[in-house]
Amino acid sequence: MSATVNPSTNASANDDRSKEERLKDYLLDRAQDGEMYFKGKFISEDVDLSPKEIGALMVKLRDSATELTVEKWSYTGATTWRVEPA
């Protein structure tokens with residue numbers, strides 16, 4: 001007799017949420033004294049995310065994070081983001 005374990009259908013949604021929360025917490029901490037500018041490739045090791053993941057999550061945070069003001073600032077080789085506490 002074998003038991004079958006049903007994989008969670010929300011696993012990827014939970015994983016995305018934890019990544020989003022991890023990035024948001026990092027940004028809140030770094031921007032607590034005022035605005036900050038950054039490129040995803042320069043913080044990717046700090047948050048353990050790829051620059052591509054950071055870019056996708058920043059778009060989500062721009063619309064959902066009430067604690068932060070997120071602005072796509074410029075593009076020179078990679079997107080520069082401007083973040084400040086709301």
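Cut-offs applied
- Residues numbered from 1 in each chain as written.
- Predicted model: local features only at pLDDT ≥ 70, side-chain atom pairs only at ≥ 80, totals over all residues.
- Heavy atoms only, no water.
- Buried < 20%, exposed > 50% of the residue type's maximum accessible area, 1.4 Å probe, protein only.
- Helix = DSSP H or I, 4+ residues; strand = E, 2+ residues; numbered from the N terminus.
- Pairing = 2+ DSSP bridges.
- Contact = heavy atoms within 4.5 Å.
- Lys, Arg positive; Asp, Glu negative; His and termini not counted.
- Salt bridge = Lys/Arg side-chain N within 4 Å of Asp/Glu carboxyl O.
- Polar contact = N/O pair within 3.5 Å; in protein donor to acceptor, adjacent residues only side chain to side chain.

What to know about the pairing of strand β3 (residues 79-85)
- Along β3, five of the seven residues are buried, which leaves the element largely enclosed by surrounding structure.
- As paired elements, strand β1 (residues 36-39) and β3 share four bridges and run antiparallel to each other. Across the sheet, residue F38 finds its bridge partner in β3, namely W81.
- Sheet analysis places strand β2 (residues 68-75) next to β3, joined by seven bridges and oriented antiparallel. Its bridge partner lying in β3, V70 is registered against V83.
- Joining the antiparallel neighbours β2 and β3 is a turn of three residues, in which G77 adopts a positive phi near 80°.

Structural notes on the environment of L49
- Inspection of the secondary structure assignment puts L49 in the loop between α2 (40-47) and α3 (51-64).
- Considering only alpha carbons, one finds L49 and K19, 30 residues apart in sequence, at a separation of 7.8 Å.
- Contact partners of L49, with chain neighbours within four places excluded, come to K19, R22, L23, S44, I54 and L57.

Let's talk about the side chain of K39
- Among the secondary structure elements, K39 is positioned in strand β1.
- For the buried residue K39, which engages in no salt bridge, the nearest side chain bearing the opposite charge is E71, 14 Å off.
- At 3.0 Å, the side chain of K39 and the backbone oxygen of A78 are in polar contact.
- Leave out the neighbours within four places in its chain, and K39 touches T76, A78, T79 and T80.

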